[in-house]
Amino acid sequence: MKKKVFYLFVCCSLLISCSSSNDASNYISPENSNNNNISGQWSIPISEVKDGGPGKDGIPSIDNPNFTTVNNANFLNDDDLVVGIVKGNQAKAYPHIILDWHEVVNDEIDNTFITLSYCPLTGTAFAWESKSNGAFTTFGVSGLLYNANLILYDRNTDSNWSQLGLECVNGQLINDKPKLIDVVETNWKTWRALYPNTEVLTTQTGFSRTYDTYPYGDYSTNNARFIFTPSITNSALPNKDRVYAIIDNNKSKVYQFSNFNNGHVIRETFNGTSYLIVGNEDLIYGFKLSIDHENLTFDYDFSSSGVFFKDNEGNKWSIFGKAIEGPRLGETLLGAKSVVSYWFAIAAFYPNPEIYTPQ
C-alpha cells in the first residue's frame, strides 16, 4: 500500500503543469512567471518551458553519494540499466533505479568534480564538469522541462541548463556550454563484466524512496503515452525506442540497437566527420576518428577483461576508446558527442535526424 500511495503522489505531481506566456518573444516578466520563476531572457521558446510539478529541488539531487562494490550490489539485477563512467583508474556505475528518483548526482571521480544527470522522461544521461562561471558548483533539478527533458540549474549563479540541449538556456550564463565527460549506458551484467572492480552507487541516498519500483508506470514502454508532449514528434520510429544518437552541432544521426546484434562495427562519415561506432545489443558507443586512426581496421571483440574492440595492428580497445593492449598502448580515441535516448527526444531536439540503415 505504501508503494502505491507514493507512486500516485509522484505521478500526480508530474502531471501538474502551470501556464506559460503566449508571447512570441523569449522573455517573460517575473510577475507572469509560475512558482518556478520562469523569468528573464531564454534561448529557447518560453511557451515550451513547462513546470514539471514538484518544484525546484522537489526531485532532490544526490550530493553525498555512497558507493559499494560489485559483490555488495545485490539490489541490482543483470538487466537493470546503469550509466557508467571511467576516469583514470576509477570506474563508477549509477543505476537507473536510483536515477529515476533523483535525476542528478553531484560526485567526484579521479579528483574531478562531476555532475551526472539522467532524465527519465527522455531516457538521456550526460555527465559534465561541476563548474559554472569558471568556479566549482553543484547542480540541481530546476523543476522545469523543455520538450519533456530535464532542465538543471547551477547553484553558483542559479542559471538554467538544458540537459539534452547541452547549454545554458537562461540566466547569467546563457549560451554557455558544459564540458562533457564520456559516459556509456548499458545493463548491469555487461558493465560489471567490463569493469569488475567498479564502484556502484547505492540506495543509501539519505532519502526514503521505493527504489525497486519504477515511478512512471508504463511510460518507458507505452509509445502512445506522454506526460509532457514535445513540440515536434516524428513517426519514423516508435517514440520510446531506445536509440544511440551522435550529436554534431545541430544535427543528429541515430543507430538502433538491433543494428548491432551479436556485435558489430560501423565506419562512416556524418556531417563531414569520420566516425567509428562499436556495439552489441546491450551497449553502443562511438568515436571521432583522427588522421592517426583512420587507416586502422576495427573489429568487435568484447571480453570480460575490459576489451570491447580490436584493430588490425593488434591493439585492443576499451569501450571508452583507450588502447589497453598492443603497440598503441595508452592511446585514446576521441569519444563522439552522443547519448542513448528515446527516439522522440532526439527528433524533438535535433529535427529530422538521420537513421542509420545497413547497406
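Residues numbered from 1 in each chain as written. Predicted model: local features only at pLDDT ≥ 70, side-chain atom pairs only at ≥ 80, totals over all residues. Heavy atoms only, no water.

## A look at the overall build of the protein chain
On a plain count of helices and strands, the protein chain comes out with four helices and 30 strands. Looking at the protein chain residue by residue over its 359 residues, the buried ones come to 54%. A sequence separation of at least 24 residues applies to 58% of the contacts in the protein chain between residues at least 6 apart. Entry remark: accessible area of the protein chain is about 15500 Å², with carbon and sulfur atoms responsible for 45%. (Helix = DSSP H or I, 4+ residues; strand = E, 2+ residues; numbered from the N terminus. Buried < 20%, exposed > 50% of the residue type's maximum accessible area, 1.4 Å probe, protein only. Contact = heavy atoms within 4.5 Å. Areas by Shrake-Rupley, 256 points an atom, 1.4 Å probe, with all protein chains shown as cover.)

## Describing unusual backbone geometry
The residue Asp-57 is not glycine, and still its phi comes out positive at about 60°. Here Asp-57 shows up in the loop between strand S3 (49-51) and strand S4 (67-68). Located in the positive-phi region is Asn-352, a residue other than glycine, with phi close to 55°. Its place among the elements puts Asn-352 in the loop between helix H4 (343-349) and strand S30 (354-355).

## Details of the packing of aromatic side chains
The full count for this structure, using the stated rule, is 25 aromatic pairs. On the basis of an interplanar angle of 65° and a centroid distance of 5.7 Å, the ring pair of Trp-128 and Phe-139 is categorised as edge-to-face. Here Phe-139 lies in strand S12 (residues 139-146) and Trp-128 lies in strand S9 (residues 124-129), a separation of eleven residues in the sequence. Owing to a relative accessible area of 1%, Trp-128 belongs among the buried residues under this scheme. For Phe-139, a relative accessible area of 1% gives the class buried. For the pair Phe-287 and Phe-309, a centre-to-centre distance of 5.6 Å together with 40° between the ring planes defines the contact as tilted. Here the residue Phe-287 occupies a position in strand S23 (residues 284-288), and Phe-309 occupies one in strand S25 (residues 309-311), the gap between them amounting to 22 residues. The same class applies to Phe-287 as to Phe-309, namely buried. (Phe/Tyr/Trp six-rings, centres within 6.5 Å; stacked < 30°, edge-to-face > 60°.)

## Points about the pattern of salt bridges
Enumeration over the complete set of coordinates arrives at 14 salt bridges. Among the salt bridges present, the one from Asp-218 reaches Arg-225, with a minimum N-O distance of 3.1 Å. For Glu-354, the salt bridge is made with Lys-253, and the minimal N-O distance between the two is 3.6 Å. Separated by 101 residues along the polypeptide, Glu-354 in strand S30 and Lys-253 in strand S20 (residues 251-256) bring together distant segments of the chain. The exposure class assigned to Glu-354 is partly exposed, which follows from its relative accessible area of 40%. Each of the salt bridges in this network shares a partner with another, and the network as a whole consists of Asp-57, Asp-63 and Arg-155. (Salt bridge = Lys/Arg side-chain N within 4 Å of Asp/Glu carboxyl O.)

## Quick look at the environment of Val-105
One can find Val-105 in strand S7 (residues 104-109). Since its relative accessible area comes to 0%, Val-105 is described here as buried. Linking Val-105 and Pro-65, residues 40 residues apart in sequence, is a C-alpha distance of 7.3 Å. Beyond its immediate stretch of four places on either side in the chain, Val-105 contacts Ile-62, Pro-65, Tyr-94, Leu-99, Ile-114, Thr-115, Leu-116 and Leu-201.

## Notes on the sheet that holds S25
In space, the four strands of this open sheet follow the order S24-S25-S26-S27, with antiparallel pairing throughout. Two strands close off the open sheet at either side, each with one partner strand: strand S24 (298-300) and strand S27 (323-325). Where S24 meets S25, three bridges bridge the pair, whose relative direction is antiparallel. Bridging from a neighbouring strand, Asp-299 pairs with Lys-310 of S25. (Pairing = 2+ DSSP bridges.)

## Details of the pairing of strand S13 (residues 149-154)
With six of six residues buried, S13 lies mostly within the body of the structure. When S12 meets S13, the two strands line up antiparallel, connected through six bridges. Bridging across to S13, Leu-145 finds its partner in Leu-150. Hairpin connection of S12 to S13: two residues between the antiparallel strands, including Asn-147 at a positive phi of 50°. Relative to strand S14 (residues 160-162), S13 runs antiparallel, the two sharing three bridges. Bridge pairing in S14 links Leu-152 to Trp-161. Where S13 folds back on S14, the antiparallel hairpin that results is connected by five residues, among which Asp-158 adopts a positive phi of roughly 65°.

Everything listed here is a matter of geometry and, on its own, says nothing about what the molecule does.
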